[in-house]
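# Summary of the model geometry
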Amino acid sequence: MDAAAVAQEFEKLPTAETTPTGLPNYWHFSIRRVPLIPAQDLVHLVHPESRFVASAGPADILCLATPAAQADVVVPLLLRAFVQGVDRGPNGEQISNEPLSAPSRWSTNDSGLAKAVEAKLKFLGIREQLCTVHVGSAKEDGIADESWLEFLNTLAQTAGKCEGCLKPVKSFPKPLSRCAKCRSAWYCSRECQKNNWKEHKKVCGQRPKTEPYQFYNKVARTSSEAKTLAQSVNLTLPDERNPTGISYPIRRLVRAGKDTPDNMRLFFGPDWQDVDKSINEQRMLALLNPPQGSPAYVMHASDDRDAPTPSPRPASAEEEKKIQEVRDMQAAVKRRLGNRKEPTNDDIVAILTGQGENWPDKLPLYQLAINTMDQGVEVR
């Protein structure tokens, strides 16, 4: 059954606001890798209130390059799970006589996937109520993680293999033992575990990455220190149901001179350095201090309206060098334009080719220079 056909069947289902036991009919889904041979992915669903789980798949999902490509696979599987009934046994048999229904609401653990799934649902004509895919709370993500580990444990005891000798679980007279540290690898004996340690230690206990966007939108507001920091820059930390981008808070911290590693960690978590590029961009803008009439000034005017007086940290030697390069490029622009504000295509070509043979490498520098110059742009 293709996506359109599954969507048609799904739309025939009534929306149930509550489950048969009276709980909210709300489901949280995520894409999970199944460590079998060959390895594939499942859409893992959990009902947070009851911790009842279901799954759809397998399919190749995580290997796909974009959230949109992943959504093309995830959405039909998600819809099919409800069309067939989420209360099914391991062999697909229905385990209750309750009528099939569509959920009243759902969420996922990834904001990019949420947007892509929303677009696919709208394209397929799914009811408006379900064309909003929420980003789950930290608690819901935790419940999903716990239920997935339980699922993997069951799977390892029925269809898994020993990580050491790679023999299937059915080859052994007793259940496999799990690595006590990471709880994600199984072994038939101490000897196999010892022999496999050289490889397994590379991943054992490895902390999963915490996406800065997710941390800022879900976790930061739970810290009193983060709240105090936010208040100091006139910023309100987001509610998990209304996530926001992270360039805005980065800009606030940078312009206030509070973009220290400790503060970045409070807002964006242990992997805050993943947003280094955005931090560096905002640092350069703050140090260049674009004048009124410049595109950069106008672009951020509304965001900066209630911000504290700018007092960025002093420029490093490397930043000083970059600032001078920008000023030199702006001088070249002014020499070419004279009293004019906006460069023509001929002006741009002349300015860039005048930078020498490596002028194509100077395009980002030119863009930064021109965006931080007064071009007579007005705030609307």
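The chain carries the name MYND-type domain-containing protein in an unreviewed UniProt entry, which gives Rhizodiscina lignyota as its organism.

## What to know about the nonpolar core
Judged by nonpolar contacts, the single largest core of 37 residues is most densely connected at Phe10, Phe29, Leu79 and Trp106. Looking at this core, the element that brings in the most residues is helix H2 (residues 67-84), giving nine residues. Look past the residues within four positions of Phe29 in its chain and what remains in contact with it is Val43, His44, Leu45, Val74, Leu78, Trp106, Ser107, Thr108, Asn109, Leu113, Val117 and Val133. In this structure, Tyr216, Ala230, Met264 and Phe267 belong to the second largest nonpolar core, which totals 21 residues.

## Comments concerning the pattern of salt bridges
Tallied over the entire structure, the rule returns 16 salt bridges. With a shortest N-O distance of 2.7 Å, Arg51 and Glu146 are connected by a salt bridge. Of this pair, Arg51 sits in the loop between strand S2 (40-47) and strand S3 (52-59) while Glu146 sits in helix H4 (residues 138-159), and the two are 95 residues apart along the sequence. Exposure remark for Arg51: the relative accessible area of 45% places this residue in the partly exposed category. Taking the relative accessible area as the measure of exposure, Glu146 reaches 41% and is therefore partly exposed. As a salt-bridge pair, Arg265 and Asp262 come within 3.2 Å of each other at their nearest N and O atoms. Residue Arg265 and its partner Asp262 are located together in helix H9 (residues 261-268), separated by three residues, close to a single helical turn. Note on Arg265: relative accessible area 38%, which makes it partly exposed. Look at Asp262 and you get exposed, because its relative accessible area is 56%.

## Side note on the state of the cysteines
As used in these notes, a disulfide is a covalent bond between sulfur atoms, one from each of two cysteines. Across all of its chains, the model carries zero disulfides by this definition. We note that Cys162 lacks a disulfide partner, and the nearest cysteine sulfur, in Cys188, lies 3.7 Å from it.

## Section: H2
For an α-helix, the turn length of 3.6 residues means that residues three or four places apart are oriented alike. A rise of 1.5 Å per residue sets the reference length of H2, with its 18 residues, at 26 Å; its end C-alpha atoms lie 25 Å apart and thus fit the reference within 8%. The sharpest bend along H2 comes to roughly 30°, located at Val73, with the proline Pro76 sitting one to four residues further on. Among all positions in H2, only Gln70, Ala71, Val74, Val75, Pro76, Leu77, Leu78, Leu79, Ala81, Phe82 and Val83 are buried. In this structure, the buried residues of H2 make contact with helix H1 (3-11), strand S1 (26-34), S2, S3, strand S4 (105-108) and helix H3 (111-123). At the exit of H2 stands Gly85, carrying a positive phi of roughly 105°.

## What to know about the packing of helix H8 (residues 247-255) against H9
For the pair H8 and H9, interaxial distance at closest approach is 11 Å and the crossing angle is 160°. If you check the angle between H8 and H9, you find them roughly antiparallel. Between H8 and H9 the crossing geometry is right-handed. Touching Pro249, Ile250 and Leu253 of H8 are Met264, Phe267 and Phe268, all from H9.

## Observations regarding the pairing of S1
Within S1, eight of the nine residues are buried, which leaves the element mostly enclosed by the surrounding structure. Bridging between S1 and S4 involves four bridges; their strand directions are parallel. Along S4, the bridge assignment pairs Tyr26 with Arg105. Relative to S2, S1 runs antiparallel, the two sharing seven bridges. Following the sheet pairing, Ser30 is matched in S2 by His44.

## A word on the packing of aromatic side chains
The full count for this structure, using the stated rule, is nine aromatic pairs. Ring centres 6.1 Å apart and planes at 20° place the aromatic pair Phe10 and Trp106 in the stacked group. In this pair, Phe10 is assigned in helix H1 and Trp106 in strand S4, connecting sequence segments 96 residues apart. Residue classification places Trp106 among the buried residues on the basis of a relative accessible area of 0%. Judged by centre distance (5.9 Å) and plane angle (85°), the ring pair of Trp27 and Phe82 falls under edge-to-face. Remark: Phe82 occurs in helix H2 and Trp27 occurs in strand S1; sequence separation between them is 55 residues. Summarising the burial analysis for this pair, Trp27 and Phe82 share the class buried. Geometry around Tyr26 places Arg105 over its ring, the cationic atom sitting 4.3 Å from the centre.

Conventions adopted
- Residues numbered from 1 in each chain as written.
- Predicted model: local features only at pLDDT ≥ 70, side-chain atom pairs only at ≥ 80, totals over all residues.
- Heavy atoms only, no water.
- Core = buried A, V, L, I, M, F, W, Y, C linked by side-chain atoms within 4.5 Å.
- Buried < 20%, exposed > 50% of the residue type's maximum accessible area, 1.4 Å probe, protein only.
- Helix = DSSP H or I, 4+ residues; strand = E, 2+ residues; numbered from the N terminus.
- Contact = heavy atoms within 4.5 Å.
- Salt bridge = Lys/Arg side-chain N within 4 Å of Asp/Glu carboxyl O.
- Disulfide = S-S within 2.5 Å.
- Expected span 1.5 Å × (residues − 1).
- Bend = angle between axes of the 7 residues up to and from the residue.
- Axes fitted to C-alpha atoms, helices over the stretch in contact; angles between N-to-C directions.
- Parallel < 35°, antiparallel > 145°, perpendicular 65-115°, else oblique.
- Left-handed = near helix turned anticlockwise from the far one by under 90°.
- Pairing = 2+ DSSP bridges.
- Phe/Tyr/Trp six-rings, centres within 6.5 Å; stacked < 30°, edge-to-face > 60°.
- Lys NZ or Arg CZ within 6 Å of the ring centre and 35° of its normal.

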